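Results of the structural survey
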Amino acid sequence: MKRSRVGISEVADWHNLATAFGRAALGKCGRADVESYRRNLDGELRFLHEGLLRGDYPVGTMRRFTIRDPKPRMIHAPCFHERVLHHALIAQMGPVMDRALVHDVYACRVGKGAHVAVQRVQQHVRRWPWYAQIDIRQYFPSIDHRVLLDLIARKFSDHDLLSLVSRIVTAHEDAQGRGLPIGALTSQNFANLYLAQVDRLILGHSASRGYVRYMDDLVWWSESRQAVREVLNEAGGYIAAMLGLEVKTPVRIARSADGVPFCGYRIFRNRLLLSRRRKARYVAARRQAEGQFAGGEIDATELQRTMDAAIAITDGADATVWRRAQLARTPLAPALAEA
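I will try to describe carefully the structure that is included in this document. Because the structure is predicted, anything quoted here is derived from the model rather than measured.

Reading guide: rules and limits
- Residues numbered from 1 in each chain as written.
- Predicted model: local features only at pLDDT ≥ 70, side-chain atom pairs only at ≥ 80, totals over all residues.
- Heavy atoms only, no water.
- Salt bridge = Lys/Arg side-chain N within 4 Å of Asp/Glu carboxyl O.
- Helix = DSSP H or I, 4+ residues; strand = E, 2+ residues; numbered from the N terminus.
- Buried < 20%, exposed > 50% of the residue type's maximum accessible area, 1.4 Å probe, protein only.
- 1 Å grid on protein atoms, 1.4 Å probe; cavity = no way out; pocket = protein on both sides within 12 Å on 5 of 7 lines; lining within 4 Å.
- Points joined across faces, edges and corners; volume = space filled by probe spheres on them.
- Nonpolar A, V, L, I, M, F, W, Y, C, P; charged D, E, K, R; others polar.
- Pairing = 2+ DSSP bridges.
- Axes fitted to C-alpha atoms, helices over the stretch in contact; angles between N-to-C directions.
- Contact = heavy atoms within 4.5 Å.
- Phe/Tyr/Trp six-rings, centres within 6.5 Å; stacked < 30°, edge-to-face > 60°.
- Lys NZ or Arg CZ within 6 Å of the ring centre and 35° of its normal.
- Core = buried A, V, L, I, M, F, W, Y, C linked by side-chain atoms within 4.5 Å.
- Arc of directions from axis to C-beta.

So, on to the pattern of salt bridges. Counting across every chain of the model gives 13 salt bridges. The closest approach of N and O atoms between Asp144 and Arg178, which form a salt bridge, is 3.7 Å. Of the two residues, Asp144 is situated in the loop between α7 (139-142) and α8 (145-153) and Arg178 in the loop between α9 (159-170) and α10 (185-194); the sequence distance between them amounts to 34 residues. Under the relative-accessibility criterion, Asp144 is labelled buried at 14%.

Attention now moves to empty space enclosed by the protein. Tallied over the full model, the rule gives one cavity of 30 Å³ or more. Empty space within the largest cavity amounts to approximately 60 Å³. Contributing to the lining of the largest cavity are Met62, Glu82, His86, Ile168, Val169, Ala171, Leu180, Pro181, Thr186, Ser187 and Phe190. Counting only elements with at least two residues in the lining of the largest cavity, the list comes to α5 (80-99), α9 and α10. Examining the composition of the lining of the largest cavity, we find that three residues originate from one element, α10, more than from any other. For the lining of the largest cavity, a count of residues per class yields seven nonpolar, three polar and one charged.

Side-chain positions along a regular strand alternate between the two faces of the sheet. Of all six residues making up strand β5 (residues 217-222), six are buried, and the element is well covered by its neighbours. Of the two faces of β5, the one holding Asp217, Val219 and Trp221 and the one holding Leu218, Trp220 and Ser222 are both buried throughout. Sheet analysis places strand β3 (residues 130-135) next to β5, joined by six bridges and oriented antiparallel. For Tyr131, the partnering residue across the bridge sits in β5 and is Trp221. Bridge analysis of strand β4 (residues 210-214) against β5 gives five bridges, and the strand direction is antiparallel. Among the inter-strand pairings, Val212 is bridged to a residue of β5, identified as Val219.

Moving on, we get to the sheet that holds strand β6 (residues 252-255). Spatially, four strands are ordered β4-β5-β3-β6 in an open sheet, and the strand pairing comes out antiparallel. Of all the strands in the sheet, just β4 and β6 have a single pairing partner and so form its edges. Neighbouring strand axes in the sheet, compared pairwise and without regard to direction, differ in orientation by 15° on average. Along the sheet, helix α6 (residues 114-127) makes contact with β4 and β5, crossing β4 at roughly 160°.

Our focus in this paragraph is the packing of aromatic side chains. Here the distance between the centres and the angle between the planes together describe a pair of aromatic rings. Throughout the structure, instances matching the rule amount to six aromatic pairs. Both rings, one in Phe47 and one in Tyr57, keep their centres 5.5 Å apart while their planes meet at 55°; by these two values the pair is tilted. Of the two residues, Phe47 sits in helix α4 (residues 41-54) while Tyr57 sits in the loop between α4 and β1 (62-68), which places them ten residues apart along the sequence. According to the relative accessible area criterion, Phe47 is partly exposed, its value standing at 41%. Measuring from ring centre to ring centre gives 5.7 Å for Tyr139 and Phe140, while their planes differ by 80°; the resulting arrangement is edge-to-face. Judged by relative accessible area, which is 3%, Tyr139 ranks as buried. In this structure an aromatic cluster arises from ring pairing among Phe21, Tyr37 and Phe80. The ring of Tyr106 has Lys112 lying over it, and the distance from NZ or CZ to the ring centre is 4.9 Å.

Counting 72 residues, the largest nonpolar core has Leu52, Met93, Tyr139, Phe190, Tyr194 and Trp220 as the members making the most contacts within it. Top contributing element to this core by residue count: α5, with nine residues. Among all residues touching Phe190, those that are not within four sequence positions of it are Met93, Met97, Leu148, Ile152, Val165, Val169 and Leu180. Membership of the second largest hydrophobic core comes to 25 residues, among which are Ala117, Ile267, Leu274 and Tyr282.

If you trace the three strands from one edge of the open sheet to the other, you get β7-β8-β9, paired in antiparallel fashion. On the outer flanks of this sheet lie β7 (260-262) and β9 (272-274), each paired with one strand and no other. When the angles between neighbouring strand axes are averaged without regard to direction, this sheet yields 30°. Of the pairings in the sheet, the one linking β7 to strand β8 (residues 265-267) comprises three bridges and is antiparallel in character. Pairing of Val260 across the sheet is with Ile267, part of β8.

Moving on, we come to helix α15 (residues 320-329). Along α15, the residues that are buried comprise Trp322, Arg323 and Gln326. Along the axis of α15, the buried residues cluster in a sector spanning 100°; they form a single face. Exposed residues pointing more than 90 degrees away from the buried face of α15 are listed as Val321, Arg324 and Ala328. Looking at the buried residues of α15, the elements they touch are β9, α13 (276-294) and α14 (300-312).

Below, the structure is given as structure tokens:
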């Protein structure tokens, strides 16, 4: 198997680092850490460049916080200095890892994303009568460092690059030798790669007729309940034995005609409905925007912008009637209506 020659010199290239800063800073203008980095940009990039070539650039400094989506999740966000490093690293490693993925993997890939994944699911729903759907219990916290680093070493040959990746991966642990920090760009790309062989196993199975994966949410189709279960038995065994992961139970095996819950939608042959989670997100975003306007925190222009973002949560779904019903139940206050 031929490995990529992408190495630490490409990551440390000055143009690559400057571009990485621009990507890391995108949408974050005005933040104190970003502006501090920008004011001393040449010095910061020189320190990063030299640290990469020496192999001692510091990694592992993260900010921890909890979100509810809807269940609580602990996010470990790298400091801005390390975000620049991650962007520089993925700019060089990302295309190589992306080529290792099958077409029907849709998370964190250029030209893909949730909406494209939903469209692909709907295509399979129209063609095949049965599907099985699995996701991985505590996926990011359960990823085995040893297995992951071995997978990456099969793709890259540069010792210094692999040493840097090893330091980044092992800087975070949820359990001994396991876990990637949710919130890091490197984690998203490494987590995509971790299941690449599962993708090929499912697609290559004689009973498999269609497949879509969005990070650790996997769904495939076949012509009968028995056929999708045959694929499940083989895939589930590999996931447990080779990757050290646990599939959540019960596994969903159902008829496509009953709809497939995926990426916040309930997907049918000829319509897309919102999931309860996505409905709740819209309601919460609308209430927050209206409350901020009523309290004088935002003006009418900002209200429109935030409401546009709230409506975007329902984008792609047959949700117009549902949104109108929401407005009828909880109409706009007079001041909001006039705005």
